[in-house]
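Overview (structure and organization)
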Amino acid sequence: MEAYIQQNIPVNLHPERRTKLDVIQKFVADMEREGKDEHFLVCDIGDIIKKYQQWSQLLPRVKLFYAVKCNTDRVLLQILSDLGASFDCASKMEIEKVLGLGVSPDRVIYTHPHKLNTSLIYAERHSVSLMTFDSEIELHKIKSLHPTARLVLRILLFEQFEADEKFGSKFGCPSDQTRDLLQLAKELELVVVGVSFHVGSGIKDARAYIAAIQQSRKTFQIAQEVGFIMNVLDIGGGFPGAQDTSDFFHEIASVVNETLNDLFPADEGVDIIGEPGAYVATSAYSSLVNIIGKRWCSKKPLLTERYNKPEKNSWNSCEEDRNTYMYYLNDSVFGNFLDGTLYTGCTTYIPKRIKTTNDTVSYGSILWGFTCAGNDCVNPSIRLPELDVGEWLYFEDMGAYTLSMASNFNGLETPEIKYYCSEDLWLQVYPKTITISRDQTRQ
Ligand SMILES: *Cc1c(COP(=O)(O)O)cnc(C)c1O
């Protein structure tokens, strides 16, 4: 059954719980019936709803500001807005997108510490006033273009923990400059209301949040000495979002709650906000690709140097000369499989088959991306049973930093997104949904 609500979200509602594979198979059958072979994405809206609910339950004091850059899909933003989320935007275009949904400007934080003049003017005109800074130059800029802004000092964390993407020294005021910077804000008669940090995307150690909240507390103290009474603590992003990370998220939530209750007790009245991106988006999306070509090599082929690093090769050297299957996919590292070295560091893309077979033989395989670039390789080294041309494969956990970073290089299509949701979860958010059948929606 397909439902359209006021915001025009085309969603397939399922009265009963269905497995992801089940739903994917149905979408693939639709594609085949329509004679299409372009790559596409499947989004489980129920997964987004569950993530939001879990956040509210496990981190009741932390208001969720979704980091828009992670995935800018309009439907995702709409669902989050309807659930009551707020938004972390880092550019004029992201702010426009969010305000365009009817989100009020007080549900937006502008998190780029170095803003374009024109974007700052735009923010001022549209009453977006909560924003971060980490430098003197930015304070002067804000003083002249948006003097009533409510400022949040982004701090550089002095204790670094392992993460996929560290923001390293790019952003954040070092602690030895904090006092002077706050002093300047005071002299300029600007309003500094809080502190923000980011422990790094894909953080591996929950203790990163403890250290960062402790450092924030010290910064609150310095601000008070300078004459600011701050009331916002922004604990940034970094929360895991893939399917198998629920235990780690629970661990982070309990560590964060404990540290907050210790250092920022509720009765102190500090508003705590968080900016999860990957947490919200990762597991909701699966990517569907079609095998459009195939070749067989009697020797392991030469790959460009970057794919020959030992850590990237899962099949070992004694097999070097065995047969290899090379498959050509209709998606690419310039599309949804962006080589994570640029952002998240995740590079191992493992496909799942839609066909259920019980193959026992497997072969060294290479999954090439669509474009003509020699290094467009989705997986340079994986053991797979023999796959067929025309077969569809799916990759899970594809919602974060995929679509939002994908390009149209070499004529890569922007993928269609197909949405589904279990009816009970959907009705929790949209109790007044009127469902209409597919046929009625087609004129
Ligand atoms: C990218 C970003 C986030 C989101 O990070 P995730 O690791 O995806 O949760 C949050 N805040 C800021 C300032 C960011 O730049």
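Residues numbered from 1 in each chain as written. Predicted model: local features only at pLDDT ≥ 70, side-chain atom pairs only at ≥ 80, totals over all residues. Heavy atoms only, no water.

Quick word on the overall build of the protein chain
How we decide: The helix count covers DSSP runs of H or I at least four residues long, the strand count covers runs of E at least two residues long, and both are numbered beginning at the N terminus. Buried, partly exposed and exposed residues are distinguished by accessible area as a fraction of the type maximum, computed with a 1.4 Å probe on protein chains only: under 20%, between the cut-offs, and over 50%, respectively. Throughout, a contact is declared for two residues whenever any of their heavy atoms are within 4.5 Å. The Shrake-Rupley method, run with a 1.4 Å probe sphere, supplies the accessible areas, and residue values consider only the shown protein chains as cover.
Assigned secondary structure in the protein chain consists of twelve helices and 21 strands. Buried positions account for 54% of the 443 residues belonging to the protein chain. Long-range contacts, defined here as pairs at least 24 residues apart, represent 74% of the contacts in the protein chain between residues at least 6 apart. Working note: accessible area of the protein chain is about 19,900 Å², and carbon and sulfur atoms make up 50% of it.

Describing the pattern of salt bridges
Quick reminder of the rule: One side-chain nitrogen of Lys or Arg within 4 Å of one carboxyl oxygen of Asp or Glu is enough to make a salt bridge.
By the definition in use, this model includes 19 salt bridges. For arginine 17, the salt bridge is made with aspartate 424, and the minimal N-O distance between the two is 2.8 Å. Of this pair, arginine 17 sits in the loop between β2 (11-14) and α1 (20-33) while aspartate 424 sits in helix α11 (residues 423-429), placing them 407 residues apart in sequence. A relative accessible area of 37% places aspartate 424 in the partly exposed class. Glutamate 268 is the partner of arginine 217 in a salt bridge, and the nearest nitrogen-oxygen pair spans 3.0 Å. Taken together, the residues span a long stretch of sequence, with arginine 217 in helix α8 (residues 207-226) and glutamate 268 in the loop between α9 (246-263) and β13 (271-274) at a distance of 51 residues. With a relative accessible area of 22%, arginine 217 lands in the partly exposed category. Bridged by salt links that share partners, the residues Glu34, Lys36, Glu416 and Lys418 form one connected network.

Considering the sheet that holds strand β12 (residues 232-234)
Our working definition: Strand pairing is assigned whenever DSSP detects at least two bridges linking the two strands. Here, axes are lines fitted to C-alpha atoms. For helices the fit covers the stretch in contact, and angles between N-to-C directions go from 0 to 180 degrees.
Taken in spatial order, the eight strands of this closed barrel run β4-β5-β6-β7-β8-β10-β12-β13, and their pairing is parallel. Between one strand and the next, the sheet's axes are offset by a mean angle of 30°, whatever the strand orientation. Taken together, the two bridges between strand β6 (residues 108-110) and strand β7 (residues 130-133) define a ladder with parallel strand orientation. For isoleucine 109, the partnering residue across the bridge sits in β7 and is leucine 130.

With respect to the packing of aromatic side chains
Let me state the cut-off plainly: Here a pair means two rings of Phe, Tyr or Trp (six-membered ring of Trp) with centres within 6.5 Å. Their orientation is stacked below 30 degrees between planes, edge-to-face above 60, and tilted elsewhere. Placement of a charge over a ring requires the Lys NZ or Arg CZ to be within 6 Å of the ring centre, with the centre-to-atom vector within 35 degrees of the ring normal.
Counted according to the given criterion, the structure contains 15 aromatic pairs. Between tryptophan 55 and tyrosine 279, the ring centres sit 5.4 Å apart and the planes meet at 55°, which makes this aromatic pair tilted. Here tyrosine 279 lies in helix α10 (residues 278-281) and tryptophan 55 lies in helix α2 (residues 45-58), a separation of 224 residues in the sequence. Judged by its relative accessible area of 1%, tryptophan 55 falls in the buried class. Judged by centre distance (4.6 Å) and plane angle (40°), the rings of tryptophan 426 and tyrosine 430 are tilted. As far as the burial class goes, tryptophan 426 and tyrosine 430 line up, both buried. In this structure, lysine 115 packs its charged tip against the face of tyrosine 110, placed 5.3 Å from the ring centre. Over the ring of phenylalanine 264 we find arginine 217, and its NZ or CZ is 4.6 Å from the ring centre.

Some points on the nonpolar core
Note the threshold: Take the buried Ala, Val, Leu, Ile, Met, Phe, Trp, Tyr and Cys residues and link them wherever side-chain atoms come within 4.5 Å; each set so joined is a nonpolar core. Those domain boundaries reflect an automatic or database domain assignment.
In terms of nonpolar packing, the biggest core is built from 98 residues, with Ile45, Tyr66, Ile79, Leu80, Phe197 and Leu233 touching the most fellow members. Here this core takes nine residues from α8, the largest share from any one element. Residues lining this core come from more than one domain, with at least three contributed by each of domain 1 (28-44 + 284-420) and domain 2 (46-282). When near neighbours in sequence (up to four residues on either side) are disregarded, isoleucine 79 contacts Ile9, Ile45, Ile48, Ile49, Trp426 and Tyr430. One finds Tyr325, Tyr327, Phe337 and Leu387 within the second-largest nonpolar core, a separate group that totals 16 residues.

Describing the confidence of the model for the protein chain
Quick reminder of the rule: Confidence scores labelled pLDDT are given residue by residue by the predictor and lie between 0 and 100.
Chain-level pLDDT for the protein chain is 90 on average; 89% of the residues reach the 70-or-more range. With pLDDT under 50 throughout, residues 309-321 is counted as low confidence; its partners more than four residues away or in other chains account for 26 contacts. Across residues 439-443, confidence stays below pLDDT 50; counting only partners more than four residues off in sequence or on other chains, it has two contacts.

So, α9
Put simply, the rule is: To estimate the expected span of a helix, count its residues, drop one, and scale the result by 1.5 Å.
Compared with the 26 Å implied by 1.5 Å per residue over 18 residues, the 26 Å span of α9 between its first and last C-alpha is a close match. Of the residues making up α9, those classed as buried are Phe248, Phe249, Ile252, Ala253, Val255, Val256, Asn257, Thr259 and Leu260.

Quick word on unusual backbone geometry
Positive phi outside glycine occurs at tyrosine 401, with the angle close to 55°. Along the chain, the position of tyrosine 401 falls in the loop between β19 (392-395) and β20 (416-422). With a relative accessible area of 9%, tyrosine 401 lands in the buried category. One non-glycine residue, asparagine 410, adopts positive backbone phi at about 60°. When you line up the elements, asparagine 410 lands in the loop between β19 and β20.

Considerations on the site of the ligand
As a reminder, the rule being used: We call a residue near a molecule or strand whenever a single non-hydrogen atom of that residue lies within 4 Å of it. Polar contact criterion, stated in full: a pair of N or O atoms within 3.5 Å, where within protein one must be able to donate a hydrogen and the other to accept it, and residues adjacent in sequence count only if both atoms are side-chain atoms. Each residue receives one of three labels: charged for Asp, Glu, Lys and Arg, nonpolar for Ala, Val, Leu, Ile, Met, Phe, Trp, Tyr, Cys and Pro, and polar for the others, Gly being one of them.
Taken together, 15 residues are adjacent to the ligand, and Lys69, Ser201, Glu275, Ala278 and Tyr401 come closest. Between the ligand and the protein, one listed contact pairs an oxygen atom with a side-chain N or O atom of serine 201 at 2.6 Å. Compared with its free state, where it exposes 390 Å², the ligand has 93% of that area covered by protein. Classifying every residue of the shell around the ligand gives five nonpolar, six polar and four charged.

Here's the deal with the packing of helix α5 (residues 117-125) against helix α6 (residues 136-145)
Any two packed helices are characterised by how steeply their axes cross, that is the angle between the axes, and by the distance between the axes. We apply this condition: The labels follow the angle: roughly parallel below 35 degrees, roughly antiparallel above 145, roughly perpendicular from 65 to 115, and oblique for the rest. Definitions for this section: a left-handed crossing has its near helix turned counterclockwise from the far helix by less than a right angle. A right-handed crossing has that turn clockwise.
Where α5 contacts α6, the two axes come as close as 10 Å, and the packing angle between them is 45°. With respect to their mutual orientation, α5 and α6 come out oblique. For the element pair α5 and α6, the recorded crossing hand is right-handed. Taken together, the residues of α6 that come into contact with α5 (itself represented by Asn117, Leu120, Ile121 and Glu124) are Lys141, Ile142 and Leu145. Taken together, the residues of the contact of α5 with α6 sort by class into four nonpolar, one polar and two charged.

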